[in-house]
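# Architecture at a glance
So the chains spell out like this:
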Amino acid sequence: MTTTAPAGVLAALLPPYVHCAEAFGDLDAGRLHPSEAAYIRDRSPRRRRQFATARTLARQALAELGHPPLPLFPLLPGPGGAPQWPSGTAGSITHTHGYTACAVTGTGRHVSIGIDAEPVRPLPRGVLELVGSEEERRRLAALPVDGTPWDTVLFSAKEAVYKAVHPLTRTWTPLAAISVAVHPDGTFSARHPHRGGAGTGHWGVHRDVLVTTLALPPES
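My aim in this report is to walk through the structure given alongside it, one point at a time. Just so it is clear, the structure is predicted and the values come from calculations on it, not from any experiment.

In this section: the environment of Arg137. Of note, Arg137 is situated in helix H4 (residues 134-141). Take Arg137: its relative accessible area is 29%, and that puts it in the partly exposed class. Apart from residues no more than four positions distant in its own chain, Arg137 is found in contact with Leu128, Glu129 and Gly132.

Next comes the structure, spelled out in structure tokens:
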């Protein structure tokens, strides 16, 4: 069953002037730009459904931001895999099992956004040691034992930070080089080696999906 997520699931984790669209399951494919259709033509049926759902949601969010639905603007992946957004906008797309989401805003408010979604379960064995420093793992061990998969929150937060900073630097950065401190109040603080203090992000859980977000304001 495909459903559009109730308003506020992702939006609650982002500033009010960021426009969001989400879906649980795959949406009926909307129109794709010819270049998008050519890009995804030879991929697996599952990947084509994900791609089409993400572009449908992105166009919904862009329309709320004031971009006309026609003519279609091609949302093709750039060098790092993230979509290339229309001039004057910043955005991010994420998908995990049964969930796809998009967030967009004008660059006058935020120069970049990163969102990530993961299943609510612990990371596979060995992953935390690859992406988390000894200090980060120590901080996770001190967090409340309440069923929250803190290692996955850390991983997802690092993904959101990477997705927010990469469009600005065009530099690949291993997740282990991004420093994150997860807080039980639904926030996390982050530092990126190519942006210094990346700022404060947010995380939350809904319907077995963990979502993390980071919106970067213009640097002074």
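The end-to-end C-alpha distance of helix H5 (residues 150-169) is 28 Å, a good match for the 28 Å that 20 residues give at a rise of 1.5 Å each. The buried fraction of H5 amounts to 15 of the 20 residues, a majority that puts the element mostly inside the structure.

Now for the pairing of strand E4 (residues 99-106). Strand residues, when the strand is regular, have side chains that alternate between the two faces of the sheet. The buried count for E4 comes to eight of eight residues, which makes it a mostly enclosed element. Residues Tyr99, Ala101, Ala103 and Thr105 of E4 are buried on one face, and the alternating residues Thr100, Cys102, Val104 and Gly106, pointing to the opposite face, are buried as well. Sheet analysis places strand E2 (residues 19-24) next to E4, joined by six bridges and oriented antiparallel. Looking at the pairing, Ala23 lines up with Thr100 of E4. In this sheet, E4 lies alongside strand E3 (residues 89-96) in antiparallel orientation, the contact comprising eight bridges. Across the sheet, residue Thr94 finds its bridge partner in E4, namely Ala101.

Before going further, it helps to examine the pairing of strand E8 (residues 196-206). Relative to E8, strand E7 (residues 187-192) runs antiparallel, the two sharing six bridges. Its bridge partner being in E8, Thr187 is matched across the sheet by His202. The antiparallel pairing of E7 with E8 creates a hairpin that spans three residues between the two strands. Sheet topology places E8 next to strand E9 (residues 209-216); five bridges connect them, and they run antiparallel. The residue bridging Val205 from the neighbouring strand is Leu210, located in E9. Hairpin remark: E8 followed by E9, antiparallel, with two residues in the connecting loop; positive phi at Arg207, about 50°.

Attention shifts here to the sheet that holds strand E6 (residues 179-183). An order of E5-E9-E8-E7-E6 is seen for the five strands of this open sheet, with the pairing classed as antiparallel. Of all the strands in the sheet, just strand E5 (112-119) and E6 have a single pairing partner and so form its edges. Geometrically, the sheet is characterised by an average inter-axis angle of 20° between neighbouring strands, direction not taken into account. Contacts from H5 reach E5, E6, E7, E8 and E9, with the element oriented near 150° to E5.

All chains considered together, the criterion is met by three aromatic pairs. We note Arg43 situated over the ring of Tyr39; from NZ or CZ to the ring centre the distance is 4.8 Å. Over the ring of Tyr17 we find Arg109, and its NZ or CZ is 4.1 Å from the ring centre.

Reading the values: the criteria
Residues numbered from 1 in each chain as written. Predicted model: local features only at pLDDT ≥ 70, side-chain atom pairs only at ≥ 80, totals over all residues. Heavy atoms only, no water. Helix = DSSP H or I, 4+ residues; strand = E, 2+ residues; numbered from the N terminus. Buried < 20%, exposed > 50% of the residue type's maximum accessible area, 1.4 Å probe, protein only. Contact = heavy atoms within 4.5 Å. Expected span 1.5 Å × (residues − 1). Pairing = 2+ DSSP bridges. Axes fitted to C-alpha atoms, helices over the stretch in contact; angles between N-to-C directions. Phe/Tyr/Trp six-rings, centres within 6.5 Å; stacked < 30°, edge-to-face > 60°. Lys NZ or Arg CZ within 6 Å of the ring centre and 35° of its normal.

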